[in-house]
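# Fold and geometry: a report
Here's the letter readout for the chains.
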Amino acid sequence: MNSLSAQFKIELLPCLKDNYAFFLIDTSKKEAYVIDTPDGQKIADWCRDHNIHLRGILNTHHHHDHTGGNTLLKTKYDCEIHGLASDDHRIPNITLRHHPGETVPLFDGKLTAEIIPLDGHTLGSTGYYIKDLKALFLGDTVFNLGCGYLFEGTYEDMWHSMQRVKALPEETYIYCAHEYTLNNATFVKHYFPDINGLDAYIDKMKSLRAKDAYTVPTLLKDQLKFNPFLCADQEHVKSATQTIGKPDIESFKTLRELKNNF
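Residues numbered from 1 in each chain as written. Predicted model: local features only at pLDDT ≥ 70, side-chain atom pairs only at ≥ 80, totals over all residues. Heavy atoms only, no water.

### Some words on the overall build of the protein
Looking only at helices and strands, one finds 10 helices and 14 strands in the protein. The C-alpha radius of gyration computed for the protein amounts to 18 Å, which stays within 12% of the reference 18 Å derived for 262 residues, consistent with globular compactness. The C-alpha extent of the protein, read off along each of the three principal axes, is 55 × 40 × 35 Å. Burial analysis of the protein (262 residues in total) assigns 53% to the buried set. In the protein, 57% of the contacts between residues at least 6 apart in sequence involve partners at least 24 apart. (Helix = DSSP H or I, 4+ residues; strand = E, 2+ residues; numbered from the N terminus. Rg over C-alpha atoms; globule rule 2.2 N^0.38 Å. Buried < 20%, exposed > 50% of the residue type's maximum accessible area, 1.4 Å probe, protein only. Contact = heavy atoms within 4.5 Å.)

Put into structure tokens, the structure is as follows:
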């Protein structure tokens with residue numbers, strides 16, 4: 001464990017039906033940033049119960065189940081609220097507007113987060129990659145064994161976002177914002193039953209949920225094995241989607257449409 005890993009930790013807070021809020025905590029100062037605000041009061045109560053001062057909010061996109069607590073928390077803590085500049089008209093109380101590729105200092109520069117554009121689920125979806133903690137907070141872009149529904153972006157947008165995620169180190173922890181894993185597992189098992197190691201992986205996820213434990217975060221290297229949405233350029237996905245010989249985007253599009261109707 002490096003010194004930064006010892007000083008900083010990440011805590012998950014289940015909110016609403018199946019959302020997660022994530023706390024990035026400086027244990028030495030009892031300060032935190034929260035990634036997304038599904039339930040402002042629940043987040044405030046958690047901070048109170050853990051004697052944590054909330055320094056800021058990092059919003060991954062504008063949907064209400066990710067920004068609904070912004071106003072309450074801004075009023076209570078006068079905290080920073082970060083988001084993509086192009087989405088500033090849709091993120092409540094935003095105070096700091098960022099652009100793709102920027103690096104955002106956190107905790108007075110002790111950590112930095114790289115802004116990764118992840119259009120697809122929405123236009124303006126954003127990932128926060130903290131290299132020192134091997135952590136990517138990406139909202140509803142990639143889930144454990146799945147990917148987000150396309151509300152605004154095109155299939156090309158989302159496929160390009162998949163490439164940006166795939167380009168990160170395989171030991172990156174993926175912090176997705178919903179507990180959708182078992183539902184996704186049913187889909188993957190139906191269309192890709194022969195993926196080596198898939199049954200064991202799904203059994204592990206089922207065991208976690210049976211104990212009311214989280215299936216988030218997930219390692220990128222596992223998603224590169226088992227998540228077909230990241231692997232739409234591979235033969236087994238092209239075969240299942242009947243897109244062999246066609247561009248990768250056709251495989252991804254067909255796969256997403258299969259999931260839409262599953």
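### Brief notes about the environment of Lys 74
Structurally, Lys 74 is set in helix α4 (residues 70–77). Measuring from C-alpha to C-alpha, the distance between Lys 74 and Leu 54 comes to 9.4 Å, with 20 residues separating the pair along the chain. Setting aside its immediate chain neighbours within four residues, Lys 74 contacts Cys 79, Ile 81, Asn 93 and Thr 95. A polar contact is formed between the side chain of Lys 74 and the backbone oxygen of Cys 79, at a distance of 3.2 Å. (Polar contact = N/O pair within 3.5 Å; in protein donor to acceptor, adjacent residues only side chain to side chain.)

### Some thoughts on the environment of Tyr 77
Structurally, Tyr 77 is set in helix α4. The class of Tyr 77 is buried, set by a relative accessible area of 14%. As a C-alpha pair, Tyr 77 and Arg 55 span 22 residues in sequence and 7.4 Å in three-dimensional space.

### Some remarks on the layout of surface pockets
Considering only enclosed or pocket space, the largest pocket measures out at about 230 Å³ in volume. Lining the largest pocket are 17 residues, and of these Phe 143, Cys 147, Gly 148, Tyr 149 and Tyr 180 lie nearest its centre. Among the elements of the structure, β12 (146–147), α6 (181–191) and α10 (248–260) are those that each provide at least two residues to the lining of the largest pocket. Of the residues in the lining of the largest pocket, the class split is 6 nonpolar, 7 polar and 4 charged. Looking at the second largest pocket, its volume works out to about 160 Å³. Taken together, 13 residues make up the lining of the second largest pocket; nearest its centre are Lys 204, Pro 217, Thr 218, Leu 219 and Asp 222. Going through the elements one at a time, α7 (198–210) and β14 (218–219) are the ones with two or more residues in the lining of the second largest pocket. (1 Å grid on protein atoms, 1.4 Å probe; cavity = no way out; pocket = protein on both sides within 12 Å on 5 of 7 lines; lining within 4 Å. Points joined across faces, edges and corners; volume = space filled by probe spheres on them. Nonpolar A, V, L, I, M, F, W, Y, C, P; charged D, E, K, R; others polar.)

### Thoughts on the state of the cysteines
Under the definition given, this model contains 0 disulfides. Of all cysteine sulfurs in the structure, the one in Cys 79 sits closest to Cys 47, which takes part in no disulfide; the separation is 9.1 Å. Unpaired in terms of disulfides, Cys 176 finds its nearest cysteine sulfur in Cys 147, a separation of 12 Å. (Disulfide = S-S within 2.5 Å.)

### Considerations on the sheet that holds strand β7 (residues 103–106)
Ordered in space as β7-β8-β9-β10-β13-β14, the 6 strands form an open sheet in which the pairing is mixed. Pairing within the sheet leaves two strands with one partner each, and these edge strands are β7 and β14. (Pairing = 2+ DSSP bridges.)

### A look at α6
Among the residues of α6, those classed as buried are Thr 181, Asn 184, Ala 185, Phe 187 and Val 188. On an axial view of α6, the arc spanned by its buried residues comes to 165°, and they lie on one face. Check the buried side of α6 and you find it contacts β11 (142–143), β12, α7, α8 (220–226) and α10. (Arc of directions from axis to C-beta.)

### Here we look at the packing of aromatic side chains
Geometry of an aromatic ring pair is reported as the spacing of the ring centres plus the angle between the planes. A full pass over the atoms with the stated rule returns 17 aromatic pairs. Summarising the aromatic geometry, the rings of Tyr 20 and Tyr 214 are spaced 5.4 Å apart at their centres and angled 75° between planes, so their arrangement reads as edge-to-face. In this pair, Tyr 20 sits in strand β2 (residues 19–26) while Tyr 214 sits in the loop between α7 and β14, placing the two residues 194 residues apart along the sequence. Consider the rings of Phe 22 and Tyr 175, whose centres lie 5.3 Å apart with planes at 80°: the pair is edge-to-face. A residue pair is termed long-range when its members are at least 10 positions apart, and Phe 22 in strand β2 and Tyr 175 in strand β13 (residues 173–175) qualify at 153 residues. Residue classification places Tyr 175 among the buried positions, given a relative accessible area of 9%. Through successive ring pairs, a cluster of aromatic residues spans Trp 159, Phe 187, Tyr 191, Phe 229, Phe 252 and Phe 262. (Phe/Tyr/Trp six-rings, centres within 6.5 Å; stacked < 30°, edge-to-face > 60°.)

### Description of the nonpolar core
The biggest cluster of nonpolar side chains holds 60 residues, and the ones touching the most others in it are Leu 24, Leu 106, Phe 137, Met 162 and Phe 252. Each residue touching Leu 106, except ones within four places of it in the same chain, is listed here: Leu 24, Tyr 33, Leu 58, Leu 111, Ala 113 and Ile 130. Of all hydrophobic cores here, the second largest spans 20 residues; its members include Leu 13, Val 34, Cys 79 and Ile 91. (Core = buried A, V, L, I, M, F, W, Y, C linked by side-chain atoms within 4.5 Å.)

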